[in-house]
Amino acid sequence: MGRRTDEVMDAVRDRIAARGLAAGDRLPSIRALATSLSVSPSTVAEAYERLAAEGVVRARPGSGVFVARSPAPRPLTTARGDAERAIDPFWVSRQSLDAEPEAAKPGCGWLPADWMPTEALRRALRRAARAGDAVLTDYGSARGHAPLRQLLARQFAAEGLDVGPDAVLLTGSGTQALDLICRLLLRTGETVLVDDPCYFNFRALLSAHRVTVVGVPMTPIGPDPASFAELAERHRPRLYVTNSAIHNPTGASLSPAVAHRVLAAAAAYDIAIVEDEILADFEPEPTPRLADLDGLERVLRIGSFSKTLSASVRCGYIAARLDWIEALTDLQIATQFGAASPVSAGVVHDALADGGYRRHMEGVRRRLGRARGEVARRLATIGLRLWTVPRGGFSLWCELPEGGSAADLARFAAGRGVVLAPGDVFSPSGRAGSMMRFNVAQMSDPRVWETVQSGLAHGGER
């Protein structure tokens, strides 16, 4: 009865979350709900009692059961102790964002401050401070700062994606770009394909949209195309979310053959694709892009500048076909009342247009190349194996020595002021328990190596 009771409770919560039921609405009778869900009346009665104890519903003797006036929020994750939350994407994000200033963060997904173009940012901020009063006080345009959209359109054209600035929408961040697309294209209960493994915040955001997430096995040259086609036929997903340029967390690069097969399957099963380009500038030479090959027919390109310029100056973008951009613009007005902050977008534009940005990124790519080699060699000496050799970027996806648990190692490290990113937070199937993502730019602190070696030696025991 326990499992069936939980299923009934979830069904009632889903109806409330999807706005099928509002505060004060009457719920079906015990017998009616039992019939519709093919369970016993006693199971429904127990579910109602437990929901009432949580504050989700309220029983009125002689009248029935009603949605509570102030229903308790449904958590995105089950409340658990810290020991278990080490395999939760939200745990990793909170550990990275809330770590003490002196903490070591080889599990985070960004460069250290001294790797970033801070002088270019200061120059751009000084120019913003001298801008007209309207820039500092008013809302921006619906699609966002025109010079930045024009600059992005020129960059896309240089790689073969010929779109105008009207096909580009600026957003508050890359995460907000994906959130807007999910709001537009998805409905509760639909299926979304992601790579397995994938960027862990894809999983966190999709869980907020109450959709079913299915993982496509990842290979060093992109998602496995045969698995992609088979899963597309079986699940009929509405959306596929991926990184093509320097895949997160694996560092894989998409091959032309895989790109064409994925696009063919997406067309056959009417799947929209979100291609996250946030790491594209770390590539030494561009690899195939789904958006370029597709011409933005069913691919939506998203990105931001948090990895290459600043995570503090928030600005993202969506490039897509015009009918989707129109709908996304209206949706962003409804939820944000405007595009990215004119100040943030102006700072990003000035920093990107600065002649030093290209030189900065060339230097970062060289520096990361040295760091990847050095860290990979050192990881090998303590028994970790690379899944693939990335062409660029700052992540190494590694397998621990036989029997090693990445979750246990992450819990062990957290107690010593070191933030690690265990494999299962990236894996929808939960099959990456022996894998770990390391940020090579965040590995210079001796505590990282001492903690990893000690944790491996002690099996992750606290």
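Residues numbered from 1 in each chain as written. Predicted model: local features only at pLDDT ≥ 70, side-chain atom pairs only at ≥ 80, totals over all residues. Heavy atoms only, no water.

Student: I tried to follow the overall build of the chain on my own but got confused; where do I start?
Tutor: Helix and strand counts for the chain stand at 18 helices and 14 strands. Here the C-alpha radius of gyration of the chain, 24 Å, is about what a compact globule of 462 residues would show, namely 23 Å. Seen through its C-alpha atoms, the chain measures out along the principal axes to roughly 75 × 60 × 45 Å. The buried share of the chain, taken over its 462 residues, is 50%. Taking the contacts inside the chain whose residues are at least 6 apart along the sequence as the reference set, 73% of them involve residues at least 24 apart. For the chain, the exposed area adds up to about 20,700 Å²; of that, 50% sits on carbon and sulfur atoms. Looking at charge distribution, the chain has the averaged site of its 55 positive side-chain charges lying 2 Å from that of its 52 negative ones. (Helix = DSSP H or I, 4+ residues; strand = E, 2+ residues; numbered from the N terminus. Rg over C-alpha atoms; globule rule 2.2 N^0.38 Å. Buried < 20%, exposed > 50% of the residue type's maximum accessible area, 1.4 Å probe, protein only. Contact = heavy atoms within 4.5 Å. Areas by Shrake-Rupley, 256 points an atom, 1.4 Å probe, with all protein chains shown as cover. Lys, Arg positive; Asp, Glu negative; His and termini not counted. Charge placed at Lys NZ, Arg CZ, Asp CG, Glu CD.)

Student: Help me understand the pattern of salt bridges, please; the structure alone is not making it clear to me.
Tutor: Two side chains carrying opposite charge are able to pair once their charged atoms lie near each other. Applying the stated rule across the entire model yields 23 salt bridges. A salt bridge links Asp 166 to Arg 149; the nearest nitrogen and oxygen atoms lie 3.9 Å apart. One end of the pair, Asp 166, is in the loop between α8 (146–158) and β3 (168–171); the other, Arg 149, is in helix α8, with 17 residues separating them in the sequence. Residue Asp 166 is classed as partly exposed on the basis of its relative accessible area, which comes to 46%. Judged by relative accessible area, which is 8%, Arg 149 ranks as buried. A salt bridge links Arg 301 to Asp 292; the shortest N-O distance between them is 3.2 Å. Several salt bridges converge on common partners, so that one network encompasses Glu 159, Glu 277, Glu 283, Arg 289, Asp 292, Arg 301 and Arg 391. (Salt bridge = Lys/Arg side-chain N within 4 Å of Asp/Glu carboxyl O.)

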